[in-house]
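# Observations on the model geometry
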Amino acid sequence: MPDSTNNSSSARFVDGAIPAGLLAAVRSGRPLVHHITNSVTINDCANITICAGAAPVMAEAPEEVAGMVAAAGALVLNIGTLSAAQVEAMLIAGRRANELGIPVVLDPVGVGATEFRTATAHRLLDTLDIAVLKGNAGEIGVLAGTGGSVRGVDSGGVAGDPVETARECARSTGTVVAMTGAIDVVTDGSRVFLVRNGNPAMDRLSGTGCMASSVTAAFVAVADDYAVASAAALAAFGLAGERAACGACGPYTFRTALFDELAGLSPDDLAGHARIEER
Ligand SMILES: Nc1ncnc2c1ncn2[C@@H]1O[C@H](COP(=O)(O)OP(=O)(O)O)[C@@H](O)[C@H]1O
Ligand SMILES: Cc1ncsc1CCOP(=O)(O)O
Ligand SMILES: [Mg+2]
């Protein structure tokens, strides 16, 4: 299978000052990130948002989401444990966010695994102006319509070239696509950023994809360029993962260290170690 992420002959790295400046802006602005999210990883999402430097709130009652999102810098819609009531809340919050110009990050957890998830993801994409669509490879392949495999919430990969899959998804949905994996691919349909930070330990823990969406939302809340902000967020989260990893430690020790390393990550650290390649 072709994989153009392996070809680094035309590598051009983004100046580390750019992600560093965004991390500093998150820390100084402390944007509120409103989440409507799943019941599995909700607490991890709240805490990783704080570790990034932002402030989380989880609110999903249809009666209050329009009021809550009005105070937010970004909205995360995560379909991991969907219900009909949650879909109603997502549509209300998403419409209000769009009216107010607040960026919406959609995490289509498990899209393709069931009809309900797939129909809901398409409904949210069709109804709302989504700023960033952040999914694993299988999820993005499903939404691109070019072939992706998903079992439960796990990615089974894409049918073709990952960069072309992400680009096609960005073009057809009109969003910035952030496709995670060993190398994250971020694209607005024309520009492509490959984020080469991260550690395989991140793939052995439930919730790292959801947390990646929370961190992405914190960064897009302080940025105008959502593609650059998404790449910067994934570089910061990935760098925390690199620093948290140790050969002998188990997944839950890694999990604790992941929070600590993101909380302790300075803009200077990120400037020096972000590996964001622009194609
Ligand atoms: N093999 C890997 N090497 C480095 N980073 C990884 C690897 N697998 C996942 N990650 C990182 O873990 C986070 C979650 O990605 P992923 O596992 O693709 O999402 P999901 O949990 O939604 O399936 C992302 O920040 C990604 O960069
Ligand atoms: C296991 C599970 N089931 C429904 S949502 C969820 C969490 C998925 O988290 P992630 O995609 O971030 O690993
Ligand atoms: Mg994961």
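See the structure shown above.
Described in the following lines is the structure provided in the data block. Remember, it's a predicted structure, so these values are computed and weren't measured experimentally. (Residues numbered from 1 in each chain as written. Chains lettered and ligands numbered in written order. Predicted model: local features only at pLDDT ≥ 70, side-chain atom pairs only at ≥ 80, totals over all residues.)

Phe219, Val220 and Ala236 are the most contacted members of the largest nonpolar core, which has 97 residues in total. When residues of this core are assigned to their parent elements, the largest contribution, 14 residues, is made by helix α9 (residues 226–244). Residue contacts for Phe219: discarding those within four places in its chain leaves Leu22, Val26, Ala229, Ser230, Ala232 and Ala233. (Core = buried A, V, L, I, M, F, W, Y, C linked by C-beta atoms within 7 Å. Buried ≥ 20, exposed ≤ 12 C-beta atoms within 10 Å, placed from the backbone. Helix = DSSP H or I, 4+ residues; strand = E, 2+ residues; numbered from the N terminus. Contact = placed C-beta atoms within 7 Å.)

Turning our eyes to something else, we now look at the site of ligand 1. If you check the shell around ligand 1, you find 17 residues, and the closest are Asn136, Thr180, Gly198, Met202 and Gly209. Within the residue set of the shell around ligand 1, elements represented by two or more residues are α8 (208–220) and α9. Of the residues that constitute the shell around ligand 1, the class distribution is six nonpolar, nine polar and two charged. (Near = placed C-beta within 6 Å. Nonpolar A, V, L, I, M, F, W, Y, C, P; charged D, E, K, R; others polar.)

Turning our eyes to something else, we now look at the site of ligand 2. Taken together, Asn38, Val40, Thr41, Gly80, Thr81, Val109, Val153, Ser206, Gly207, Thr208, Gly209 and Cys210 make up the full set of residues near ligand 2. The residue makeup of the shell around ligand 2, split by class, is four nonpolar, eight polar and no charged.

Turning to helix α2 (residues 42–52), a few remarks are in order. Turning to α2, its buried residues number three or more, namely Ile42, Asp44, Cys45, Ile48, Thr49, Cys51 and Ala52. Here the buried face of α2 lies against α1 (17–29), β1 (32–36), β2 (55–58), α8 and α10 (251–264). Two residues or fewer past α2, Gly53 is found with a positive phi of approximately 115°.

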